[in-house]
Amino acid sequence: EIEAKYNKKMQVLRDELDLRRKTEIHEVEERKNSQISELMRNHEKAFSDIKNYYNDITLKNLALITLLKEQMEEMKKRETKLEKEKADALLQNKQLKESLQHTQEQVFELQKKLAHYDMDKEALKHAKGHLKVSQKELKDLQWEHEVLEQRFSKVQAERDELYQKFTKAINEVQQKTGFENLLLERKLKGLLGVLEKKEVELSEAFAASNLDPGALSLVSNKLEDVLSSKNATIKDLQLQLARVCKAHNDMLQTFQAKLTDFGIPLDNLGFKPLASPVLGQ
């Protein structure tokens, strides 16, 4: 009975425990299914996130590749440009080296000049003193220059007046001397013609007359006296003509010297003075 009793209790307990076990198993399965569903949802969400993440990375990488290609092209262009700039820089560097060498030579020369700086400084001091004196002299010279300009204006006016007087005088003298020369030349030509005519008439008279030798000698002596007188008159006229020509030429030389003294070119006269030739030239 006790065994049956305890078997019955054990059966009841077993049934209870079996029911509890089934209940707990059912609850565990429900929790398992719930967890599985949760894990699947989380997994799908994570997969979707990962998929989106890698899609974004892929797109970003494609954009980055495109950008890098563009940058590479740009870098190639920059490299070409830099190569050209490098060549230009090398050429410029060579020129700068030559310029540097020239500058170094200049620096060496300047250093040599710097060695004489004290002497130059002292010379500059003396030069400044001399400059002050020169400035004072310059002011004096400027004042004298103004005075001389005023005097020059006055002298220039006098020169113009004198130039007009000289022009008028030279015209008058040229007219007078030309007229006198013409008269003297005509007079001389007339006397020469008369002399020739008288000689012809005398020859004809000698040929036509039958004078004795004594009378012929007397006539010849008188004729020689007349010829001597005429020759003396001709020589006197020639000397007068020579004196007039020389006076005319001397006056021209004096006039030209005065024009040169006053700084007036001879071309400004407007005519060329006529120099009278000396008789016999």
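What counts, and where the lines are drawn
Residues numbered from 1 in each chain as written. Predicted model: local features only at pLDDT ≥ 70, side-chain atom pairs only at ≥ 80, totals over all residues. Heavy atoms only, no water. Helix = DSSP H or I, 4+ residues; strand = E, 2+ residues; numbered from the N terminus. Buried < 20%, exposed > 50% of the residue type's maximum accessible area, 1.4 Å probe, protein only. Contact = heavy atoms within 4.5 Å. Areas by Shrake-Rupley, 256 points an atom, 1.4 Å probe, with all protein chains shown as cover. Phe/Tyr/Trp six-rings, centres within 6.5 Å; stacked < 30°, edge-to-face > 60°. Lys NZ or Arg CZ within 6 Å of the ring centre and 35° of its normal. Salt bridge = Lys/Arg side-chain N within 4 Å of Asp/Glu carboxyl O. pLDDT = per-residue confidence, 0-100. Patch = residues over 30% accessible without salt bridge, like charges linked within 9 Å, V, L, I, M, F, W, Y side chains within 5 Å. Lys, Arg positive; Asp, Glu negative; His and termini not counted. Charge placed at Lys NZ, Arg CZ, Asp CG, Glu CD.

**Q** So what's going on with the overall build of the chain? Which residues, and what values?
**A** The number of helices and strands found in the chain is 3 helices and 0 strands. Along the chain, from the amino end to the carboxyl end, the secondary structure elements read α-α-α. Out of the 281 residues belonging to the chain, those deemed buried represent 9%. Taking the contacts inside the chain whose residues are at least 6 apart along the sequence as the reference set, 79% of them involve residues at least 24 apart. Accessible surface for the chain amounts to roughly 24400 Å². Of this, 58% is attributable to carbon and sulfur atoms.

**Q** Outline the packing of aromatic side chains, listing residues and values.
**A** Per the counting criterion, the structure on display carries 1 aromatic pair. Residues tyrosine 53 and tyrosine 54 carry aromatic rings whose centres are separated by 5.3 Å and whose planes lie at 75 degrees to one another, so their mutual orientation is edge-to-face. When its relative accessible area of 49% is taken as the criterion, tyrosine 54 is described as partly exposed. The ring of tyrosine 6 has lysine 9 sitting right over it, with the charged end atom 5.2 Å from the ring centre.

**Q** For the pattern of salt bridges, give the residues involved together with the corresponding values.
**A** Within the structure shown, the criterion is met by 6 salt bridges. For aspartate 250, the salt bridge is made with lysine 246, and the minimal N-O distance between the two is 3.0 Å. One end of the pair, aspartate 250, and the other, lysine 246, are both in helix 3 (residues 213-261), 4 residues apart, so they sit about a helical turn from each other. Overall, the relative accessible area of 32% leaves aspartate 250 in the partly exposed class. Within the structure, one salt-bridge network assembled from shared partners comprises Asp18, Arg21 and Lys22.

**Q** Explain the environment of leucine 192 residue by residue, including any values.
**A** With respect to the helices and strands, the residue leucine 192 is situated in helix 2 (residues 117-208). The partly exposed category is assigned to leucine 192, whose relative accessible area is 37%. Distance from leucine 192 to isoleucine 234, taken between C-alpha atoms, is 8.3 Å for residues 42 residues apart in sequence.

**Q** How would you sum up the confidence of the model for the chain? Please name residues and give values.
**A** Taken residue by residue, the chain gives an average pLDDT of 79. The fraction at 70 or more is 80%. Here helix 3 is the element of the chain with the lowest mean pLDDT, 74, and helix 1 (residues 2-115) is the one with the highest, 90.

**Q** Describe in detail a negative patch on the surface, supporting the description with residues and values.
**A** On the surface, Glu24, Glu27, Glu29 and Glu30 cluster together to form a negatively charged patch. Structurally, the position occupied by glutamate 27 is in helix 1. Glutamate 27 gets classed as partly exposed once you look at its relative accessible area, which sits at 38%.

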